[in-house]
2 protein chains.
Amino acid sequence: MTETLRLGIAGLGTVGAGVVKILRREAGLLTARTGKKLEITAVSARSRDKDRGVPLSGYAWETDPVALASRDDVDVFVELMGGSDGPAKAATEAAIAAGKDVVTANKALLALHGQPLACAAEAGGTVLRYEAAVAGGIPVIKALTEGLAGNRITRVMGVMNGTCNYILTRMEATRQGYNALFEECGRLGYLEADPTLDVGGIDAGHKLALLASIAFGTQVDFGAVALQGIQSITLQDIDRAADMGYKIKLLGVAQMTGRGLEQRMTPCLVPVGSPLGQLDGGTNMVILEGDSVGQIVLRGAGAGEGPTASAVLSDICDIARGIRLPTFGQPAAGLEAAPPASAASPAPYYLRLTLKDKPGALAKVATALGDNGISIDRMRQYKHDDQDVPVLIVTHVTARPSLDAALAALPATGVVTGLPVALRIEDV
Amino acid sequence: MTETLRLGIAGLGTVGAGVVKILRREAGLLTARTGKKLEITAVSARSRDKDRGVPLSGYAWETDPVALASRDDVDVFVELMGGSDGPAKAATEAAIAAGKDVVTANKALLALHGQPLACAAEAGGTVLRYEAAVAGGIPVIKALTEGLAGNRITRVMGVMNGTCNYILTRMEATRQGYNALFEECGRLGYLEADPTLDVGGIDAGHKLALLASIAFGTQVDFGAVALQGIQSITLQDIDRAADMGYKIKLLGVAQMTGRGLEQRMTPCLVPVGSPLGQLDGGTNMVILEGDSVGQIVLRGAGAGEGPTASAVLSDICDIARGIRLPTFGQPAAGLEAAPPASAASPAPYYLRLTLKDKPGALAKVATALGDNGISIDRMRQYKHDDQDVPVLIVTHVTARPSLDAALAALPATGVVTGLPVALRIEDV
């Protein structure tokens, strides 16, 4: 007789309802693939009456997700509520304490509390899976943890927030500014309840921190991710970048350097012809680099009902198939905290300045850069109708502290008006 | 005490030596990731004296891979000899019979004998893994079998022979013909011992048949793959395709249709701006489409020591971690043979014709096409200096039997000289 794996699902929003739909529709296929009957026994959500487009009357209902997580008839607790603390954390802890396996799509929970949760799960012999937490439907946790297990990972990069990429690519396509696109995203339902999570790079930073932990065998450390959002990117930046052969992307990069673990989630310029440069709209892309495999590029939908539910199902199927790995690929108790890199690794930078229209202005800026050891690769002064002269500089490879020193020295030149914009150019 | 997983490696060519190197260099990392000590106990190759750039004296030597496969001190038999029959098959069968797990990079062996081998392995409780057999370092078997386990797969596509893609992209870049590039590949060591395996699409067809089996839950059926190599692609075809906005790729497509399982590995035109169209050189790309996840694109090195060894290590690590899945994702004994599709699904086609320079020639061709229900999307007649008029036609979506009928009718028009070239345009 086919064994049954009993699922308790907490959270019946878009993703939760999507998971229920697949489990109902594809019961036969999933059993053929896993050898187990996958059965929902109980569900939990804030409102019982809401129509979610899928029949729920056959499942026990729990108002309290903590109660759901501890039910005797639940083998796997599926956490799709979201939120780094509160009910999601309490219920996940309760599930682990009760000896349940856990599948979650919650990047914030894992990025902020992953280390103690993983330790608790592994001490109790349960597994904690989160494929859906990073890059939606792209099976990147699996690719990194298992597919590249024979590699020393050298770098992980990615565009992992579809909303930011949508805003940046739509700004260019529609000639609208950031604010208009931000509002459009709100109307389309593309923004988190706290939109700073998206546009501030926090959500993508959570994802990067999780990938970095697996890649480098270190404790997840979201606090060490250098974060910069896309809120200050202007249409002018997008146009100037294009003029120099680049696109602007909210790009995450994690790499182990001689100066410690570098984790950044910041707007960067990438070559227009590169895979990242050609990534339009809400699509995600993750690039994994290993010493043996070279570069692997993974691309797919980073959000939405189907792709996210697909990733949740992947974790459920793994558990049904008896695949039981530590949360971060290696036993969490043995993971060490990585020393954060003191500064980003050197790179070329894009500098957008506005200068006063007077003789010698450009020379003064060039001197301020040169005094800080920064040499200029390309410079363009653009046509202007008023006293503000738009100038664009692409530097040669520069240490970030030198750049910061140069930026600090610019006001004293007396020729710079407004705030300079400095964006890293990433070699991809 | 850490348990040991004992490996016997047969075949010490580029890939075999690469696997040995990683196992020696990264012993600590691999133990941290798998919880097991990965230890080579015995090796086998044709020549014992050859320098392979890695010390082998610590391992028992077997002249006969079948003997290696059955040794008491081997838990996992790693088959890196190649060849669909002969020693590779005999040794794999011996390993399975002796209760060993098997890891292989051998696409031909699995594509031609995968079904009985998988049945034997599963009956004996051993696993048979082959991540390295498809698309080199890209963990595509894992992505499809596990990462997309919650999806009904709708289509699998890919450029999976780096040599063919190298030839096609170099033809365009260097303006050399097929024969010159074929010879260059021979000098560079890019060709299989039997080069037809590469340029005839057979090697890539083997890979497609394996993916199709996993994707659609059917018995692997290489014999049903419609194969066409790249040998007849001319520089003119490449130029004409570019003129119409396309690149020519040796593209594999597998999809389940109402008319049965369609498997094709043929030169196709893909849009120049698509991910496939932008794939240059020896890189591989696999596109997986599922009903929930949408489209996932995977890109990476399809061959070479490091990428292939990375994939072999991934399988070894999976076994060390206790991941034990059926060879094709579902128990092989339950897989059914899929009825092969009677014909390729309808598509637009690229037709390159040479006509006689006389009045009404084009009209006669258009009539022959129209009589067979083919309508023309675009047509170009090119400048010519002699009596041979080069004509290019892009059809609307056409059933392949109609196209074949039209091609058969062309000689009777009396205006067509030379052999028409017909290439499918794939919607990607």
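Everything here concerns the structure above.
Notes on the structure in this doc start here. (Residues numbered from 1 in each chain as written. Chains lettered and ligands numbered in written order. Predicted model: local features only at pLDDT ≥ 70, side-chain atom pairs only at ≥ 80, totals over all residues. Heavy atoms only, no water.)

Details of the overall build of chain A
When its secondary structure is counted, chain A shows 14 helices and 16 strands. Principal-axis analysis of the C-alpha atoms gives chain A an extent of 85 × 45 × 35 Å. Residues counted as buried form 58% of the 428 residues belonging to chain A. Across chain A, every contact between residues at least 6 apart in sequence was considered, and the portion connecting residues at least 24 apart equals 73%. Accessible area of chain A: about 15400 Å², with a carbon and sulfur share of 51%. Averaging the positions of the 40 positive and the 45 negative side-chain charges in chain A gives two centres separated by 3 Å. (Helix = DSSP H or I, 4+ residues; strand = E, 2+ residues; numbered from the N terminus. Buried < 20%, exposed > 50% of the residue type's maximum accessible area, 1.4 Å probe, protein only. Contact = heavy atoms within 4.5 Å. Areas by Shrake-Rupley, 256 points an atom, 1.4 Å probe, with all protein chains shown as cover. Lys, Arg positive; Asp, Glu negative; His and termini not counted. Charge placed at Lys NZ, Arg CZ, Asp CG, Glu CD.)

Quick notes on the environment of arginine 352 of chain B
Residue and element names in this part refer to chain B. Within the secondary structure, arginine 352 is located in strand β13 (residues 349-356). Along the primary structure arginine 352 and glutamine 236 are separated by 116 residues, whereas in three dimensions their C-alpha atoms are 9.4 Å apart. There is a polar contact of 2.9 Å between the side chain of arginine 352 and the side chain of glutamine 236. A distance of 2.4 Å separates the side chain of arginine 352 from the side chain of aspartate 237, its partner in a polar contact. (Polar contact = N/O pair within 3.5 Å; in protein donor to acceptor, adjacent residues only side chain to side chain.)

Details of the sheet that holds strand β4 (residues 76-79) of chain B
All names here are of chain B. Pairing is parallel across the open sheet formed by six strands, whose spatial order is β3-β2-β1-β4-β5-β6. The open sheet has two edge strands with one neighbour each: β3 (60-62) and β6 (128-129). As paired elements, strand β1 (residues 3-10) and β4 share four bridges and run parallel to each other. Paired with leucine 7 across the strands is valine 76, a residue of β4. Here helix α4 (residues 87-97) sits on the sheet and contacts β4, β5 (101-104) and β6; the angle it forms with β4, its principal contact strand, is near 170 degrees. (Pairing = 2+ DSSP bridges. Axes fitted to C-alpha atoms, helices over the stretch in contact; angles between N-to-C directions.)

Some remarks on the packing of aromatic side chains
Any two aromatic rings considered together are summarised by their centre-to-centre distance and by the angle between their planes. Applying the stated rule across the entire model yields six aromatic pairs over all chains. Both rings, one in tyrosine 130 of chain A and one in phenylalanine 328 of chain A, keep their centres 5.9 Å apart while their planes meet at 55 degrees; by these two values the pair is tilted. Taken together, the residues tyrosine 130 of chain A in the loop between β6 (128-129) and α6 (140-147) and phenylalanine 328 of chain A in the loop between α12 (305-320) and β13 (349-356) connect sequence positions 198 residues apart. Measuring from ring centre to ring centre gives 5.1 Å for tyrosine 166 of chain B and tyrosine 190 of chain B, while their planes differ by 85 degrees; the resulting arrangement is edge-to-face. One end of the pair, tyrosine 166 of chain B, is in helix α7 (residues 162-174); the other, tyrosine 190 of chain B, is in the loop between α8 (178-188) and α9 (196-199), with 24 residues separating them in the sequence. Judged by relative accessible area, tyrosine 190 of chain B falls into the partly exposed class, the value being 38%. Between arginine 240 of chain A and the ring centre of tyrosine 382 of chain A, over which it is positioned, the NZ or CZ distance is 3.7 Å. (Phe/Tyr/Trp six-rings, centres within 6.5 Å; stacked < 30°, edge-to-face > 60°. Lys NZ or Arg CZ within 6 Å of the ring centre and 35° of its normal.)

What to know about the pairing of β13 of chain B
Residues and elements named next belong to chain B. With six of eight residues buried, β13 lies mostly within the body of the structure. Two strands pair when backbone bridges link them, and β13 and strand β16 (residues 416-425) are joined in this way by six bridges, in the antiparallel orientation. By the bridge assignment for β16, tyrosine 350 is matched with leucine 423. Relative to strand β15 (residues 388-395), β13 runs antiparallel, the two sharing seven bridges.

Concerning the relation of the copies chain A and chain B
By a simple turn and slide, chain A fits onto chain B: the slide is 0.0 Å along the axis, the RMSD is 0.1 Å, and the turn is 180 degrees. Overall, the copies show the geometry of a two-fold rotation axis. Considering only C-alpha atoms, the part of chain A nearest the rotation axis is leucine 298 of chain A, at 2.4 Å. Looking at the interface residues of chain A, 98% of them are also at the interface in chain B, so both copies use one shared face. (Least-squares fit on C-alpha atoms with pLDDT ≥ 70 in both.)

With respect to the interface of chain A and chain B
If you look at the interface, chain A gives 48 residues, while chain B gives 47 residues. The junction of chain A with chain B conceals about 3900 Å² of combined surface from both sides, 49% of it contributed by carbon and sulfur atoms. When the buried area of chain A at its contact with chain B is split by residue, Arg33, Arg299 and Arg321 of chain A rank highest and sum to 16% of it. Between the two partners, chain A and chain B, sit six salt bridges. Our enumeration of links across chain A and chain B arrives at 21 residue pairs in polar contact (both at pLDDT 80 or more). Taken together, the elements giving at least two residues each to the side of chain A that touches chain B come down to α1 (14-25), α2 (27-34), α6, β12 (294-301) and α12 of chain A. Here the side of chain A that touches chain B is built from residues that sort into 23 nonpolar, 15 polar and ten charged. (Buried area = accessible area lost by both parts, 1.4 Å probe. Salt bridge = Lys/Arg side-chain N within 4 Å of Asp/Glu carboxyl O. Nonpolar A, V, L, I, M, F, W, Y, C, P; charged D, E, K, R; others polar.)

As for the pattern of salt bridges
Under the criterion given, the structure shown has 60 salt bridges over all chains. Among the ionic pairs, aspartate 318 of chain B bridges to lysine 142 of chain B, the shortest N-O distance being 2.6 Å. Of the two residues, aspartate 318 of chain B is situated in helix α12 (residues 305-320) and lysine 142 of chain B in helix α6 (residues 140-147); the sequence distance between them amounts to 176 residues. Each member of the pair, aspartate 318 of chain B as well as lysine 142 of chain B, is classed as buried. When salt bridges that share partners are traced, they join Arg129, Lys142, Glu146, Asp315 and Asp318 of chain A together with Arg129, Lys142, Glu146, Asp315 and Asp318 of chain B into one network.

Focus: a negative patch on the surface
A contiguous patch of negative charge, built from Asp357, Asp385, Asp386 and Asp388 of chain A, is present on the exposed surface. Note that aspartate 385 of chain A resides in the loop between β14 (376-381) and β15 (388-395). (Patch = residues over 30% accessible without salt bridge, like charges linked within 9 Å, V, L, I, M, F, W, Y side chains within 5 Å.)

Quick look at the packing of helix α7 (residues 162-174) of chain A against helix α8 (residues 178-188) of chain A
All names here are of chain A. Relative to each other, α7 and α8 sit at 125 degrees, their axes nearing to 9 Å. On the basis of their axis angle, the class for α7 and α8 is oblique. Here the hand of the crossing between α7 and α8 comes out right-handed. Seen from α7, the contacting residues are Thr163, Tyr166, Ile167, Arg170, Met171 and Thr174; seen from α8, they are Tyr178, Leu181, Phe182, Glu184, Cys185 and Leu188. (Parallel < 35°, antiparallel > 145°, perpendicular 65-115°, else oblique. Left-handed = near helix turned anticlockwise from the far one by under 90°.)

Quick notes on the side chain of threonine 398 of chain A
Residues and elements named next belong to chain A. Tracing the sequence through the fold places threonine 398 in the loop between β15 and α14 (400-409). A polar contact is formed between the side chain of threonine 398 and the backbone oxygen of histidine 396, at a distance of 2.7 Å. If near-sequence neighbours (up to four positions away) are discounted, threonine 398 is found in contact with Pro346, Ala347, Pro348, Tyr349, Ile374 and Leu403.

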